[in-house]
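If you want the building blocks of each chain, they are given just below.
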Amino acid sequence: MPEPYYHDMAEEYAARETGLPGDVEFYTTLAQEAHGLVVELGVGTGRIAIPSALAGARVLGIDVEPAMLEVARRLAAEAGVGDRLVLAEGDMRDFQVPEPAALVTIPFRAFLHNLTVDDQLSTLAACHRALRPGGRLALNVFNPSLPLITRWMARGPRHWEPYGGARGLDDGTQARNEYRPTAQVATTHLRVRDAAGRWRKTSYRVRYVYRFEMEHLLQRAGFEVESLFGDFAGGAFEETSTEMIWVARRP
């Protein structure tokens, strides 16, 4: 399940992908409320795990990409989190934990890198196994935009356009997007200009998941859905919501 983007852009990732409004505070608050081990899947460079550890949580951060973990370890050392954050290489589909977790999180749409239903269910089963009874799972994913998908398909896979990442970064990066409706998989190809003016190419894939599909997956994996929000301030999920923020509980 590794994607080239996270290897190729590990050093630049923290500056490029600064997240969504309120996501750090949302996950950090859940981590403080957990009163036990917090497992973060797709920990990346530690954008959420480091503040959670600084807030007093014990965090195990897991990622499949060694280059991202290398950056996370450096940033964690600089932040002085001590032994409250442990970083480990692993796959979210079959990860192991040293003790039952109070909270498992999959922030910033990392769950979408599960590209098949089997992958999705394997990840949710691993989360269920890792949690103690009453433990919670929290994750956020895109609310798929049908107008955007339609635009991609109309323009075709050879059309390049500006790519701004999560915060609208305008650094000259270009993207072209392919979408396979039957698989619900979007592939984003990127051309990134480096400091010397040379272009680098990289890519990543995600599998879109829809509201009731996600609810069904959680239920199949044995979770009880606790909340669905449309933003990280706890707003209701509505037609215009761009994000789905799920909180579920292991009975």
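Above this text you will find the structure in question.
Everything in this summary refers to the structure shown in the same document.

Let's shift gears to the environment of I50. Counting through the fold element by element, I50 comes out in helix α4 (residues 49–54). The class of I50 is buried, set by a relative accessible area of 9%. A C-alpha to C-alpha distance of 39 Å links I50 and M153, two positions 103 residues apart in sequence. Not counting chain neighbours up to four residues away, the residues in contact with I50 comprise T45, A72, L75, A76, A79, V81 and L85.

Below, the discussion takes up the side chain of N177. On the secondary structure map, N177 appears in strand β7 (residues 174–180). A distance of 2.8 Å separates a polar atom in the side chain of N177 from a polar atom in the side chain of T188. Residues in contact with N177, not counting those within four places in the same chain, are W152, G156, P157, E161, T187 and T188.

Moving on to the sheet that holds strand β6 (residues 161–162). Pairing is antiparallel across the open sheet formed by four strands, whose spatial order is β6-β7-β8-β9. Two strands lie at the open edges of the sheet, namely β6 and β9 (199–207), each paired on one side alone. In this structure, β6 lies alongside β7, joined through two bridges in antiparallel fashion. If you follow E161 over to β7, its bridge partner there is A175.

About the criteria used
Residues numbered from 1 in each chain as written. Predicted model: local features only at pLDDT ≥ 70, side-chain atom pairs only at ≥ 80, totals over all residues. Heavy atoms only, no water. Helix = DSSP H or I, 4+ residues; strand = E, 2+ residues; numbered from the N terminus. Buried < 20%, exposed > 50% of the residue type's maximum accessible area, 1.4 Å probe, protein only. Contact = heavy atoms within 4.5 Å. Polar contact = N/O pair within 3.5 Å; in protein donor to acceptor, adjacent residues only side chain to side chain. Pairing = 2+ DSSP bridges.

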